[in-house]
Each structure stands twice: as C-alpha cells, then as structure tokens.
Amino acid sequence: MTIDEMKKTINILFCLVAFVNVALAQKFSASASRTRVAVGEAFQISYVLNGNGTDFRAPSLNDFNVYSGPNQSTSMSIVNGNMSQSVTLSYVLAAKKEGKYTIGPATVNSGGASVQSNSLIIEVVKGNPGNQNNNQNNQPSQNQSASNENT
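Residues numbered from 1 in each chain as written. Predicted model: local features only at pLDDT ≥ 70, side-chain atom pairs only at ≥ 80, totals over all residues. Heavy atoms only, no water.

Undergrad: Can you walk me through the sheet that holds strand E3 (residues 42–50) in this structure?
TA: Within a sheet, each strand pairs with its neighbour through backbone hydrogen bonds, oriented either parallel or antiparallel. Pairing is antiparallel across the open sheet formed by four strands, whose spatial order is E1-E3-E6-E5. Taken across any chain shown, the strands that pair with only one partner, and hence form the sheet edges, are strand E1 (28–32) and strand E5 (64–79). With strand direction ignored, the average angle separating the axes of adjacent strands in the sheet is 15 degrees. Bridging between E3 and strand E6 (residues 82–95) involves nine bridges; their strand directions are antiparallel. What sits directly across from Asn-50, in E6, is Ser-86. (Pairing = 2+ DSSP bridges. Helix = DSSP H or I, 4+ residues; strand = E, 2+ residues; numbered from the N terminus. Axes fitted to C-alpha atoms, helices over the stretch in contact; angles between N-to-C directions.)

Structure, rendered in structure tokens:
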C-alpha cells in the first residue's frame, strides 16, 4: 500500500468515525410525566434532542387539550473541553375522553437528516377516586345551591 492509499484510507476512516459520533450524539426521545391519567388531568410530554436541530414537527395531539406548548428550554455544558447541548420541547396536555392513545413520533432535522422520536402510549381512565372526592368538596351540592338561592 502506498502512502497516498494509506492517507486516503485514514481519511475515510476518520470521516466514518466522525459520522458515527454525530449520529450517536443526535439522540431524539420522547417521554411523558405520566402514562396513566384521568380525563381532564394535566400531564406533560417532552421531546429531548441531544444536539442541534431545526424544523421540529410535533405529532397530532387532536385527542388532547393543549394547555401549553411547545415550551422550549436549552441546556449546554462543557466538560474537559467537550461541549454538549440539548434542546427540550414540552407540552402540557389533558385528555378529552377515556381510552388508550398513541402519541406518534415527533420529527426534527438534525445533522443533515430527519430524526424521529419514539411514540408514547397514554392510558386515560374515567377518574381517580381521590380526585372525585376533591372535586365534590370544591363544588356546592344541590342542597347548598338551593339554600343559597333562598337567602
């Protein structure tokens, strides 16, 4: 092997290693604060990209009321001269009705490629007995309403 061939091989290997490092660094994941919620109960979903990205596309959230979002936060750290950055986009949601819902993956362009997050499965139940008791305590009963109207 000639010196030129060795240089070419080393350059190709260097490019492959750099590409693998970029691909691994561009991790894009989704998470939920809770995966089992009551109808109308607020919860948060978050999309975290380790690295830089553009053109974020959220999945359909039609089965949920969107109370807030997308909310963006950015984190950057430098450790021993190595810089890392992450961007988080989050939503505060509440389900409209009972059922088991799959929130599809979000997508973002990162490192010259379209990257997709994982999906989330959210189970929505009628309500928790503890929440129902709290709601009943906060709302007047029919007797209380009638007595208030008569005064």
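Alright, that's what it looks like, and here's the rest.
Undergrad: Even after reading the chapter, I still don't get the pairing of strand E10 (residues 120–125), so can you show me in this structure?
TA: Every other side chain in a regular strand lies on the same face of the sheet, so the side chains alternate between the two faces. Pairing between strand E2 (residues 36–38) and E10: three bridges, direction parallel. When the bridges of E10 are listed, Arg-36 appears paired with Glu-123. As paired elements, strand E7 (residues 99–103) and E10 share five bridges and run antiparallel to each other. Note that in E10 the partner of Lys-100 across the bridge is Glu-123.

Undergrad: I'm lost on the environment of Gln-85 in this one. Help?
TA: Structurally, the position occupied by Gln-85 is in strand E6. Remark: the alpha-carbon pair of Gln-85 and Ser-75, spanning ten residues in sequence, is separated by 5.6 Å. Excluding residues within four positions of it along the chain, Gln-85 makes contact with Leu-49, Asn-50, Gly-51, Asn-52, Thr-74, Ser-75 and Met-76. Looking at Gln-85, its side chain comes within polar contact range of the side chain of Asn-52, at 3.0 Å. (Contact = heavy atoms within 4.5 Å. Polar contact = N/O pair within 3.5 Å; in protein donor to acceptor, adjacent residues only side chain to side chain.)

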